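Observations on the model geometry
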Amino acid sequence: QVQLVESGGGLVQAGGSLRLSCAASGRIFSINHMGWYRQAPEKQRELVAGITGDSSTNYADSVKGRFTISRDNAKNTVYLQMNSLKPEDTAIYYCNADIRSSFNVHRDYWGQGTQVTVSS
């Protein structure tokens, strides 16, 4: 079974930075798309940033220029560097990955979520 484990969340003052990590473990043949989503109270879960297998990236307009997504394929890990944090970035952040466990089998996996709180 594949598992995604997130780390790096916490409490930070507005203008500060955090770096989230998400490491995939288990039976992994390959990992295609990986992404970070977030969900704040009273809001829908939204895509924050995504990265493809060949490291092409995309970002939500609200975080573009402040957040950077990257991946280390040797470690099966995706990162989210968050700079210039704002109170509106406060949310639970979830890691997502499209993982192939064998040549013909692939599934969508989610991490447990990590809380990011930005104080004003």
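Structural notes, computed from the coordinates.

Conventions and cut-offs
- Residues numbered from 1 in each chain as written.
- Predicted model: local features only at pLDDT ≥ 70, side-chain atom pairs only at ≥ 80, totals over all residues.
- Heavy atoms only, no water.
- Core = buried A, V, L, I, M, F, W, Y, C linked by side-chain atoms within 4.5 Å.
- Buried < 20%, exposed > 50% of the residue type's maximum accessible area, 1.4 Å probe, protein only.
- Helix = DSSP H or I, 4+ residues; strand = E, 2+ residues; numbered from the N terminus.
- Pairing = 2+ DSSP bridges.

Comments concerning the nonpolar core
- The biggest cluster of nonpolar side chains holds 30 residues, and the ones touching the most others in it are Trp36, Leu80, Met82 and Tyr93.
- Going through the elements one at a time, strand E3 (18–25), strand E4 (30–39), strand E5 (46–51), strand E7 (67–72), strand E8 (77–82), strand E9 (91–100) and strand E11 (114–119) are the ones with two or more residues in this core.
- Of the residues forming this core, the biggest block, five residues, is contributed by E9.

Quick look at the pairing of E3
- Relative to E3, strand E1 (residues 3–7) is paired through five bridges, and the arrangement is antiparallel. Within the sheet, the bridge partner assigned to Leu4 lies in E3 and is Ala24.
- Across six bridges, the pairing between E3 and E8 is antiparallel. Within the sheet, the bridge partner assigned to Leu20 lies in E8 and is Leu80.

What about unusual backbone geometry?
- A positive phi is found at Glu42, a non-glycine position, where the angle reads about 70°.
- Topologically, Glu42 is positioned in the loop between E4 and E5.
- A positive phi is found at Asn76, a non-glycine position, where the angle reads about 50°.
- Relative to the helices and strands, Asn76 resides in the loop between E7 and E8.
- By relative accessible area, which is 24% here, Asn76 ends up partly exposed.

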